[in-house]
Amino acid sequence: AAGGLHSLPMPIRKLLASAMIAALVALAMTGYVDDQGKAFTDTGIKRALVAFGIARGLNAIISTAQGTEIAVEPMGIGVTLTPGQLLDPVNDLIERLSWVLLASATALTIQELLLAFAAGIAFNGLLLAASVLTLVCLWTTLPKRDAVLPVVAKITLALLIIRFTVPAMALTSETLYQGFLANRYDRSIETMSETSEQLTRLSATDAGDGAADKSFVDGLVSMFDAMRTTGEKSAIQQRIAAYRQVAESIADRVVTLIAVFVMQTLLIPLAFLWLALYAVRNVFARR
């Protein structure tokens, strides 16, 4: 492509370069890409904060469930069970998720600030001045034009790269989210909300069971149920199975949410920043 452009007559090459610079500067001045990038960034911040609120609420519910005790007294022998302790690994995982979500919301807020900086009067003014100077040097025969033109052209190109990096990053991130990550996010949030309600019911039932004193006959029944190895599960076994099922169902969704936000607020921005630095470096390395 570079060889094809160099084969064109100089006036055509100058016209194409001027048209590209003028179009990009005009697009930057309209603020359209900045408005779109800000809207996408705001949406990402809201998603992170919604997930953070649900995660913190689930963390509080799990902490309550972990402290709930079931008292069983067959034939006067007291036994206290805490099936909620099965959720301890999941609770640690949710704590990690909370940190990731908070970091994601912070990163998206920084991205929003960078958008505001790139769309500000100072940066746009600098870009406009560099572009005008480049076009003047390109189409006129000023003194020392051949020495000034490469410098101002490189500065203009570098400013254009910086100007559109953050909006392009926000657009790419939101496009990938809508195309590949939205369903996973929605299912994870739905599962976490349902799990919160389920754990609330389990904790309330366990608290009621723990507060009630069992009779001698009830104690014999509980002991008989606990000693059985076949047939229906005892009430306690069912309760433990319910907690285990909750732990298994929520762990997968928590990991999915971590992957979604790490990809959207860490991997994609880092990739764009690397590409921008690589492009700017190559611009100034060229003769």
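About the criteria used
Residues numbered from 1 in each chain as written. Predicted model: local features only at pLDDT ≥ 70, side-chain atom pairs only at ≥ 80, totals over all residues. Heavy atoms only, no water. Helix = DSSP H or I, 4+ residues; strand = E, 2+ residues; numbered from the N terminus. Expected span 1.5 Å × (residues − 1). Buried < 20%, exposed > 50% of the residue type's maximum accessible area, 1.4 Å probe, protein only. Arc of directions from axis to C-beta. Patch = residues over 30% accessible without salt bridge, like charges linked within 9 Å, V, L, I, M, F, W, Y side chains within 5 Å. Areas by Shrake-Rupley, 256 points an atom, 1.4 Å probe, with all protein chains shown as cover. Salt bridge = Lys/Arg side-chain N within 4 Å of Asp/Glu carboxyl O. Core = buried A, V, L, I, M, F, W, Y, C linked by side-chain atoms within 4.5 Å. Contact = heavy atoms within 4.5 Å. pLDDT = per-residue confidence, 0-100. Lys, Arg positive; Asp, Glu negative; His and termini not counted. Charge placed at Lys NZ, Arg CZ, Asp CG, Glu CD.

1. Focus on helix α2 (residues 10–30)
Taking 1.5 Å as the rise per residue, α2 with 21 residues should run 30 Å; its terminal C-alpha atoms sit 30 Å apart, in good agreement. All buried positions along α2 are accounted for by K14, S18, I21, V25 and A28. Down the axis of α2, the buried set is contained in an arc of 95 degrees. They therefore lie on one face. Every exposed residue of α2 that faces more than 90 degrees away from the buried side is listed here: L15 and T30.

2. Topic: a nonpolar patch on the surface
Among the surface-exposed residues, M29, L128, V132, V136 and L142 lie close enough to one another that they form a single nonpolar patch of about 380 Å² accessible area. The greatest single-element share of the nonpolar patch, amounting to 3 residues, is contributed by helix α5 (residues 121–139). The residue M29 is located in helix α2 in this model.

3. With respect to the nonpolar core
Membership of the largest hydrophobic core comes to 29 residues, with the highest contact counts inside it found for L97, M192 and F261. For this core, the elements supplying multiple residues, two or more each, are α3 (32–67), α4 (88–118), α6 (145–211) and α8 (235–285). Apart from residues lying up to four places away in sequence, L97 is in contact with A55, M192, V254, L257 and I258.

4. Brief notes about the confidence of the model for the protein
Across the protein, the average pLDDT comes to 80, with 76% of residues at or above 70. Ranking the elements of the protein by mean pLDDT puts helix α7 (residues 216–227) last with 45 and α5 first with 93. Residue range residues 210–224 is modelled with pLDDT below 50. Its contacts to residues more than four positions away, or to other chains, number 12 contacts. Predicted confidence for residues 226–233 stays below pLDDT 50, and this span has 4 contacts to residues more than four positions away or in other chains.

5. Looking at the environment of A103
Secondary-structure assignment places A103 in helix α4. The spatial distance from the C-alpha of A103 to the C-alpha of L266 is 9.5 Å, given a sequence separation of 163 residues.

6. Some remarks on α5
Between the first and last C-alpha of α5 there are 27 Å, a value that for 19 residues agrees with the 27 Å anticipated at 1.5 Å per step. Along α5, the residues that are buried comprise F123, N124, L127, A130, S131, T134, C137 and L138. An end-on view of α5 places all buried positions within 160 degrees of arc, on one side of the element. Facing away from the buried side of α5 by more than 90 degrees, the exposed set consists of I121 and A122.

7. Some points on the pattern of salt bridges
Close approach of charged atoms allows side chains with opposite charge to pair. Under the criterion given, the structure shown has 5 salt bridges. The closest approach of N and O atoms between D42 and K38, which form a salt bridge, is 3.0 Å. Note that D42 and K38 are positioned in helix α3 at a spacing of 4 residues, about one turn of the helix. Residue classification places K38 among the partly exposed positions, given a relative accessible area of 42%. A salt bridge links R47 to E174; the nearest nitrogen and oxygen atoms lie 3.1 Å apart. Of this pair, R47 sits in helix α3 while E174 sits in helix α6, placing them 127 residues apart in sequence.

8. Examining a negative patch on the surface
Where like charges cluster on the molecular surface, the negative patch consists of D186, E190, E194 and E197. Structurally, E197 is set in helix α6.

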